[in-house]
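Architecture at a glance
Each chain is listed here by its residues.
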Amino acid sequence: EILWFSAGCGSLFVLDQTETGIVLVRSWEWGDGLFDVAWSEANEHVLVAGGGDGSLQLWDSTNQHAPLRVAKEHTQEVYSVDWSQTRGENLIVSGSWDHTIKVWDQNLSRSLTMLKGHEGVVYSTIWSPHIPGCIASASGSVWTAADLVQKEL
């Protein structure tokens, strides 16, 4: 079973749980803190991480060097990332300390939409495993559900 671990100091680890224990598969260093990471549902080797520099990085566990792509549209720390669990969508959602949520294509070429509505830091974003195009987010004591198909927040 492949696991991941992100350390706030900018280290990203991919670990494998074997019968004999936990084994390091790959590790990378990033110039700022990494706060969250999520696996792609469509590619077992690809994951996305959110950084303290406002960036999202697309990593491939078979590539020992730099990330495949870096996208920086958030103006503050990216505290939460999640990959949609519906392979037909194959979208990424990010939540930031800049009070915004962004939805991205799987290549991080650019954000597809930005949702505003939180008055504080967005601590968590997650795709619904049951409703395609629906995300939930949390900011302090406030949570929000957004239906991207209906474009409602």
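One can find the structure itself at the top, above this paragraph.
The structure reproduced in this document is the subject of the present report. Each residue is numbered by its place in its chain's sequence as written, counting from 1. Local features are withheld for residues below a pLDDT of 70 in this predicted model, meaning they are given only at 70 or higher, and side-chain atom pairs are given and counted only at 80 or more; totals for whole chains, interfaces and linings count all residues. Processing note: side-chain calculations cover all non-hydrogen atoms of the structure and skip hydrogens and water entirely.

Observations concerning the overall build of the chain
Only DSSP runs of H or I covering at least 4 residues are called helices, and only runs of E covering at least 2 are called strands; the numbering of each starts at the N terminus. Counting secondary structure elements, the chain contains zero helices and 14 strands. Secondary structure elements of the chain, listed N to C terminal, follow the sequence β-β-β-β-β-β-β-β-β-β-β-β-β-β. Per-residue accessibility, obtained with a 1.4 Å probe over protein chains only, is compared with the maximum for each type, and a residue is labelled buried under 20%, exposed over 50%, and partly exposed between these values. Expressed as a percentage of the 153 residues in the chain, the buried residues total 46%. The protein chains shown are the only cover counted for residues, whose accessible areas, like all others here, come from Shrake-Rupley with a 1.4 Å probe. Put simply, the chain shows about 8000 Å² of open surface, and 50% of that area lies on carbon and sulfur atoms.

Points about the sheet that holds strand S10 (residues 100-105)
Whenever strands of a sheet pair, they do so through backbone hydrogen bonds, lying parallel or antiparallel. We treat two strands as partners when DSSP finds at least two bridges between them. Read from one edge of the open sheet, four strands run S8-S9-S10-S11, paired in antiparallel fashion. Looking at the sheet topology across the chains shown, the edges are occupied by strand S8 (78-83) and strand S11 (111-116). This sheet shows a mean twist of 20° between the axes of neighbouring strands, independent of strand direction. In this analysis, axes come from line fits to C-alpha atoms, helices being fitted only over the stretch in contact, and the angle between any two N-to-C directions falls in the range 0 to 180 degrees.

Observations concerning the pattern of salt bridges
Should a side-chain nitrogen of Lys or Arg be within 4 Å of a carboxyl oxygen of Asp or Glu, the pair is scored as a salt bridge. Applying the stated criterion across every chain, the model contains one salt bridge. Taking the shortest distance from any N to any O, the salt bridge between Glu73 and Lys102 comes out at 3.5 Å. Remark: Lys102 occurs in strand S10 and Glu73 occurs in the loop between strand S7 (69-72) and S8; sequence separation between them is 29 residues. For Lys102, a relative accessible area of 6% gives the class buried.

Focus on the packing of aromatic side chains
A ring pair, where both rings are aromatic, is described by two values, the distance of the centres and the angle of the planes. Pairs were defined over the aromatic rings of Phe, Tyr and Trp, the Trp ring being its six-membered one, requiring ring centres within 6.5 Å. Orientation was assigned from the angle between planes: stacked under 30 degrees, edge-to-face over 60, tilted for the rest. Scanning the entire structure with this criterion turns up six aromatic pairs. Between the aromatic rings of Trp28 and Trp59, the centroid separation amounts to 4.9 Å while the plane-to-plane angle is 35°, which identifies the pairing as tilted. Highlighted residues: Trp28 in strand S3 (residues 21-29) and Trp59 in strand S6 (residues 55-60), separated in sequence by 31 residues. The buried category is assigned to Trp28, whose relative accessible area is 3%. Among the aromatic residues, ring-to-ring pairing joins Phe35, Tyr79, Trp97 and Tyr123 into one connected group.

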